[in-house]
Amino acid sequence: MLSLLSQQDPQVQAMYLRTLPSIRECCLKVHDLAKRGGLQYFDYHPEKEDAVIEFCTSIIERDFGGHLSAIPPHGRWRHLDAGLPRIEPMLRNWDTSGTPINENEKCKRLIDLFLVSVLLDAGAGNQWSYTEKATDQTFSRSEGLGVASVHMFMDGLFSGSASQPFRVDAQGLSQITVDKVAEAMQVNSSNVMVGLEGRVSLLSNLGAALQSNPKFFGEDARPGNIIDFLEKESRLQSLTRHVHIFSLWSALIEGLTAIWPARLSLGGVPLGDVWPCTALKQPGQVEGDDLVPFHKLTGWLTYSLMEPIEVILGWKFDGVEDLTGLPEYRNGGLLVDFGVLTLRPGVLSPECYPDGVIPRLKPSHPAIVEWRAMTVIELDRIADGIRRRYDFGKYQLSLAQVLESATWKGGREIAKQLRPTNGGPPIEIESDGTVF
């Protein structure tokens, strides 16, 4: 928790709010309020958690049976391979075409792709879809954004070198425009994407961040060079290279600070995906004590980049238990749809219901902050409930596996059951392409 120094020094408190442990610690404060009925917008019904656990377990058993070790971790790789494998064939092509490349370069290329793909992954809305020309398959939401990003990468859209298309670098990103991204993602008047300009702004800002942080991204300003930084931070143990998760988190949270839109700052330090929670506001409290960090896209990046590093290079990450579940509309929607969280009657104004049924709110709205904070802690509780209530033998599901096989998937499935027209969440977010 915060030291006495951080309680007095806004800059130190700001740095704390950018750490990984601060997410769970601050969200726990909101959850504790909920247990006492102290939230402003939601009532908490812990007795409904059992129904969520049963639903999630039924999905795991349906899709994996007793083969729990086969459950992949939550990460961008799943979406890039939507419908059919794309990453493995790409790796094989690199082995057989032209000059062979080593494992280090393969991993750097995948990190280039995965990082830029995650930044394009904020909610695209209920109307947009992407049709893959080679297969004629159509994808929407995260899968559509993922498949589209693979083809953008393969076409060299993010590279500044015509001779090296399979990379992301600052020069290539400097040439990105709204029109180029709209064309690559098949956006038009009848295929509308939410937050298109925000995504393009993130890519442009990414180029600047890569150039200004050679410590993490090298002199040629490339995401994949984070491997070189992590190798310096690692240690060898029984012939396996170990990296602490804090090293990857720090590289991402520090190295990518410049890409996020200007929001709150504390002591002159920009905070990123950190928001005030009005339910935590108390008279005379220290500045920043009402703030709750989420860093959802940084968390999604961390989960996503770990996988190619582990698969391609064989490295192992320590300290992964500090990673939290992702506070986004699928995981959070699961809780609302099962009644674990219920909006208090009349707490939102009629203007918040543009269709008269589903509320639509900005990410900064205090109800969204409460929802997201509760989601982080409830994901821990659901994961523990799955592990505790059902006998999966000696195999212990990681939180990343629970997110992949149960809660994120479960949030999508229950949404489709309850709102079959569009499968949207029970609370809509006015996404600008930079948060969700």
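Let me begin by describing the structure that accompanies this report. Chains are numbered independently. Their residues run from 1 in the order of the written sequence. In view of the model being predicted, local features appear only for residues whose pLDDT reaches at least 70, and side-chain atom pairs are presented and counted only at 80 or more, with totals across whole chains, interfaces and linings using the full set of residues. Water and hydrogen atoms were dropped before computing side-chain values, which therefore reflect all heavy atoms in the structure.

**Comments concerning the packing of helix 16 (residues 329–337) against helix 18 (residues 399–418)**
Stage number 1. A fitted line through C-alpha atoms serves as each axis, taken over the contacting stretch for helices, and the angle formed by two N-to-C directions is quoted from 0 to 180°. Only DSSP runs of H or I with at least four residues qualify as helices, and only runs of E with at least two residues qualify as strands; both kinds are numbered from the N terminus onward. Where helix 16 meets helix 18, the axes come as close as 8 Å, and the angle between the chain directions of the two elements is 55 degrees. By the criterion of interaxial angle, the relationship of helix 16 to helix 18 is oblique. In terms of crossing hand, the pair formed by helix 16 and helix 18 is left-handed. Counted together, Arg330, Asn331, Leu334 and Asp337 of helix 16 and Leu403, Thr407, Trp408, Gly410, Gly411, Arg412, Ile414, Ala415 and Leu418 of helix 18 form the full contact between these two elements.
Stage number 2. A per-class count over the contact of helix 16 with helix 18 returns six nonpolar, four polar and three charged. Orientation categories follow fixed angle ranges, with anything under 35 degrees roughly parallel, anything over 145 roughly antiparallel, 65 to 115 roughly perpendicular, and all other angles oblique. Handedness of a helix crossing follows the sense of rotation of the near helix relative to the far helix, less than a right angle counterclockwise being left-handed and clockwise being right-handed. The contact rule is simple, with two residues in contact once any of their heavy atoms fall within 4.5 Å. Under the grouping applied here, Gly and all other residues not named as nonpolar or charged are polar, the nonpolar ones being Ala, Val, Leu, Ile, Met, Phe, Trp, Tyr, Cys and Pro and the charged ones Asp, Glu, Lys and Arg.

**Some remarks on the packing of helix 7 (residues 103–119) against helix 15 (residues 296–313)**
Stage number 1. Relative orientation of the contacting elements helix 7 and helix 15 amounts to 160 degrees, with a least axis distance of 9 Å. It follows from the interaxial angle that helix 7 and helix 15 lie roughly antiparallel. Seen from above, helix 7 lies across helix 15 with right-handed handedness. Packed against helix 7, whose contacting residues are Glu103, Asn104, Lys106, Cys107, Leu110, Ile111, Phe114, Leu115, Val118 and Leu119, the element helix 15 presents Leu297, Trp300, Leu301, Ser304, Leu305, Pro308, Ile309, Ile312 and Leu313 at the interface.
Stage number 2. Residue classes in the contact of helix 7 with helix 15 are distributed as 15 nonpolar, two polar and two charged.

**A look at unusual backbone geometry**
Stage number 1. One non-glycine residue with positive phi stands out, namely Leu239, at about 70 degrees.
Stage number 2. With respect to the element layout, Leu239 can be found in the loop between strand 4 (235–237) and strand 5 (240–244).
Stage number 3. Overall, Leu239 belongs to the exposed group, its relative accessible area being 85%.
Stage number 4. Positive phi outside glycine occurs at His295, with the angle close to 50 degrees.
Stage number 5. Here His295 is to be found in the loop between strand 9 (291–293) and helix 15. Each residue is assigned to one of three classes by its accessible area relative to the maximum for its type, calculated with a 1.4 Å probe on protein chains only: buried under 20%, partly exposed between the two thresholds, exposed over 50%.

**Quick word on helix 15**
Stage number 1. Between its first and last C-alpha atoms helix 15 spans 26 Å; for 18 residues at 1.5 Å apiece the expected length is 26 Å, and the two agree.
Stage number 2. Of all 18 residues in helix 15, 15 are buried, a share of seventy percent or more.
Stage number 3. Just beyond helix 15, the residue with positive phi is Gly314, at close to 75 degrees. In this analysis, the expected span of each helix is defined as 1.5 Å times one less than the number of residues it contains.

Functional significance is not addressed by these values, which are geometric in nature.
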